Amino acid sequence: MKIKLLAFGIAREIFGASSIEIELPGNTVADLKFSLEALYPKLKALASYLVAVNNEYAAGDLVLDIRDEVAIIPPVSGG
Amino acid sequence: MKIKLLAFGIAREIFGASSIEIELPGNTVADLKFSLEALYPKLKALASYLVAVNNEYAAGDLVLDIRDEVAIIPPVSGG
Amino acid sequence: MNQALEVQACIDWVMTPESGGIDVFIGTVRNATKGKQVIRLEFEAYEPMASKEMEKIAAQAFEKWPVQKLLVHHRVGVLEVGEIPVIIAVSCAHRDAAFEACRFVIDTLKQTVPIWKKEVFEDGETWVAAHP
Amino acid sequence: MNQALEVQACIDWVMTPESGGIDVFIGTVRNATKGKQVIRLEFEAYEPMASKEMEKIAAQAFEKWPVQKLLVHHRVGVLEVGEIPVIIAVSCAHRDAAFEACRFVIDTLKQTVPIWKKEVFEDGETWVAAHP
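Here's what I pulled together on the structure shown here. (Residues numbered from 1 in each chain as written. Chains lettered and ligands numbered in written order. Predicted model: local features only at pLDDT ≥ 70, side-chain atom pairs only at ≥ 80, totals over all residues. Heavy atoms only, no water.)

In most cases, non-glycine residues show a negative phi, while peptide bonds are predominantly trans. Although it is not a glycine, A:Asn55 adopts a positive phi angle of roughly 70 degrees. Inspection of the secondary structure puts A:Asn55 in the loop between strand E3 (50–53) and strand E4 (56–57). Residue classification places A:Asn55 among the buried positions, given a relative accessible area of 15%. Positive phi, normally seen in glycine, also occurs at D:Lys34, with a value near 50 degrees. The exposure class of D:Lys34 is exposed, given its relative accessible area of 86%. (Helix = DSSP H or I, 4+ residues; strand = E, 2+ residues; numbered from the N terminus. Buried < 20%, exposed > 50% of the residue type's maximum accessible area, 1.4 Å probe, protein only.)

Mapping chain D onto chain C calls for a screw motion: a turn of 180 degrees about the axis and a shift of 0.0 Å along it, with 0.0 Å RMSD after fitting. The two molecules are tied by a two-fold rotation axis, judged by turn and shift. Taking C-alpha positions as the reference, the residue of chain D nearest the rotation axis is D:Val24, at 2.5 Å. Taken as a fraction of all interface residues of chain D, those also at the interface in chain C reach 100%, which identifies the copy contact as same-surface. (Least-squares fit on C-alpha atoms with pLDDT ≥ 70 in both. Contact = heavy atoms within 4.5 Å.)

Every contact between the two is made by 33 residues of chain D and, on the other side, 33 residues of chain C. Both sides together, the interface formed by chain D and chain C hides about 2,900 Å², and carbon and sulfur atoms give 53% of it. Considering only the surface of chain D that becomes buried against chain C, D:Arg95, D:Phe99 and D:Arg103 emerge as the three largest contributors, covering 22% of it. In this assembly, chain D and chain C are joined by 6 salt bridges. (Buried area = accessible area lost by both parts, 1.4 Å probe. Salt bridge = Lys/Arg side-chain N within 4 Å of Asp/Glu carboxyl O.)

For the rest of this paragraph, the subject is the pairing of strand E1 (residues 21–27) of chain C. Most of E1(C) sits out of view: 7 of its 7 residues are buried. Side chains C:Gly21, C:Asp23, C:Phe25 and C:Gly27 of E1(C) all project onto a buried face; the interleaved residues C:Ile22, C:Val24 and C:Ile26 project onto the opposite face, where all are buried too. Summarising the sheet, E1(C) and strand E1 (residues 21–27) of chain D pair through 7 bridges and their orientation is antiparallel. Within the sheet, the bridge partner assigned to C:Val24 lies in E1(D) and is D:Val24. As paired elements, E1(C) and strand E7 (residues 86–92) of chain C share 7 bridges and run antiparallel to each other. Across the sheet, residue C:Gly21 finds its bridge partner in E7(C), namely C:Cys92. (Pairing = 2+ DSSP bridges.)

On to the environment of D:Pro132. Following the sequence through the fold, D:Pro132 ends up in the segment after strand E9 (124–127). With sequence-adjacent residues up to four places away left out, D:Pro132 is seen in contact with A:Ala45, A:Leu46 and A:Ala47.

Okay, the environment of B:Leu39 next. By the element assignment, B:Leu39 lies in helix H2 (residues 29–39). Sequence separation between B:Leu39 and B:Phe15 is 24 residues, and the spatial gap between their C-alpha atoms is 9.3 Å.

What follows concerns helix H1 (residues 7–14) of chain D. Of all the positions in H1(D), only D:Val7, D:Cys10, D:Ile11 and D:Val14 are classed as buried. Buried residues of H1(D), seen end-on, are gathered within an arc of 95 degrees and therefore sit on one face of the element. Tucked inside the fold, the buried residues of H1(D) contact helix H1 (7–14) and E1 of chain C together with E1, strand E5 (67–74) and strand E7 (86–92) of chain D. (Arc of directions from axis to C-beta.)

Within a beta sheet, neighbouring strands are joined by backbone hydrogen bonds and run either parallel or antiparallel to one another. All names here are of chain B. Taken in spatial order, the 5 strands make up an open sheet running E2-E1-E5-E3-E4, and their pairing is mixed. Each of the sheet's edge strands pairs with one partner strand only, and the pair in question is strand E2 (19–23) and strand E4 (56–57). As defined by bridge partners, strand E3 (residues 50–53) adjoins strand E5 (residues 70–73) across 4 bridges and the pair is classed as antiparallel. Bridged to Ala 52 within E5 is Ala 71.

As a further point, take the pattern of salt bridges. According to the stated counting rule, one finds 30 salt bridges over all chains in the structure shown. With a closest N to O distance of 3.5 Å, B:Glu56 and C:Lys52 form a salt bridge. One end of the pair, B:Glu56, is in strand E4; the other, C:Lys52, is in helix H2 (residues 47–64), on a second chain. With relative accessibility at 33%, the residue C:Lys52 sits in the partly exposed group. A salt bridge links D:Asp107 to C:Arg95, with the shortest nitrogen-to-oxygen separation between them at 2.9 Å. Placement of the pair is D:Asp107 in helix H3 (residues 95–112) and C:Arg95 in helix H3 (residues 95–112), with the two residues belonging to separate chains. With a relative accessible area of 21%, C:Arg95 lands in the partly exposed category. Sharing partners across several salt bridges, the network here consists of A:Glu13, D:Arg40, D:Glu42, D:Lys118 and D:Glu125.

Another aspect to go through is the packing of aromatic side chains. Evaluation of the coordinates by the stated rule reveals 10 aromatic pairs over all chains. A ring pair is formed by C:Phe25 and D:Phe99, whose centres lie 5.4 Å apart and whose planes are at 15 degrees; its orientation type is stacked. Taken together, the residues C:Phe25 in strand E1 and D:Phe99 in helix H3 connect one chain to another. Given the relative accessible area of 2%, C:Phe25 is considered buried. Of the aromatic side chains, those joined through ring pairs into one cluster are A:Phe8, D:Tyr46 and D:Trp116. Cation over ring: C:Lys36 sits above C:Phe121, and NZ or CZ is 4.5 Å from the ring centre. The ring of D:Trp13 has D:Lys69 sitting right over it, with the charged end atom 4.0 Å from the ring centre. (Phe/Tyr/Trp six-rings, centres within 6.5 Å; stacked < 30°, edge-to-face > 60°. Lys NZ or Arg CZ within 6 Å of the ring centre and 35° of its normal.)

Here it is in structure tokens:
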């Protein structure tokens with residue numbers, strides 16, 4: 001499946017864009033992270049990063065739908 | 001010795017004045033409290049009260065001087 | 001101690017380029033105490049000693065935490081519901097120290113500073129904390 | 001999230017006749033981090049999710065403490081030294097709850113709300129907390 005991703009902060013800089021499309025072999029959040037890390041190895045150097053689906057933090061086993069709003073959330077640092 | 005006292009809050013109301021003079025048989029803060037409580041038994045109904053001498057809280061054994069600024073401090077309730 | 005307290009001015013005063021966090025405590029006159037309607041509060045202070053005690057508390061806060069600037073103001077006189085009897089503002093490089101120092105100042109002020117508060121009700125008045 | 005934060009307006013907004021204590025936390029842009037001079041900060045947010053996360057934190061504070069009103073504002077964009085990226089104001093009947101709820105909100109905001117801060121130095125820039 002093809003998923004559109006929003007990216008912020010250092011993830012946006014790693015991707016070189018605030019939004020990218022990625023083709024996934026599987027359909028879970030864990031599959032997405034696996035594919036992303038293969039394409040963008042710099043993600044693995046981050047302290048951590050999370051995936052948000054429809055404005056909620058998502059666990060690895062969440063199944064993605066093509067209509068979901070998916071975002072990559074590098075370590076937050078507000079305040 | 002004769003001591004002039006400043007009084008605040010409920011102590012002022014108990015004395016009926018913001019400043020009174022009192023004749024002491026002794027010369028310590030404890031002597032002052034003993035004499036005051038005899039004259040103004042309502043002081044004993046307070047949760048507590050302290051004596052300040054020259055703007056500092058004073059212990060019972062402090063010896064008073066006629067030139068000291070002495071004040072009766074009922075339970076504080078600022079804030 | 002007779003002038004209204006301007007919150008913004010207090011914050012401007014404590015802010016420094018080295019500050020990362022400012023904690024501000026604002027005491028306000030509440031319309032009720034223990035379920036009873038309060039009409040107004042009347043504050044009285046032994047002013048020279050109150051100033052001295054507030055300076056001591058500030059000095060202790062500077063000793064205990066890396067405080068940059070600290071302000072504490074307390075009013076006297078008649079205050080209506082919604083008015084501000086006390087304001088404390090503390091600036092620090094980091095927020096934990098600001099929160100802790102600010103709370104220490106108000107907690108200690110309420111224990112040691114010679115200021116007295118009379119609650120005035122429809123049907124009477126009470127010196128707060130006077131009796132057990 | 002683009003407008004400057006007016007401290008006085010925030011305090012006026014949380015104050016109620018039932019309030020006895022208001023705690024306000026003001027984050028300010030510090031001129032240095034780990035001894036290195038900071039020129040400015042750049043904040044970026046995933047705005048719809050950030051709003052949602054801030055609402056969740058507020059809801060948790062209302063559950064945990066008897067909060068009367070609570071306000072949390074966070075800015076995005078470029079902020080210079082001395083500007084205010086974040087302000088939290090909490091009103092309660094009693095001060096302990098106000099302090100605790102306010103500290104909970106800023107502590108949790110820093111852990112969960114999707115907002116990112118870039119520190120800009122003379123000789124480079126860093127996304128705060130990005131790397132171990």
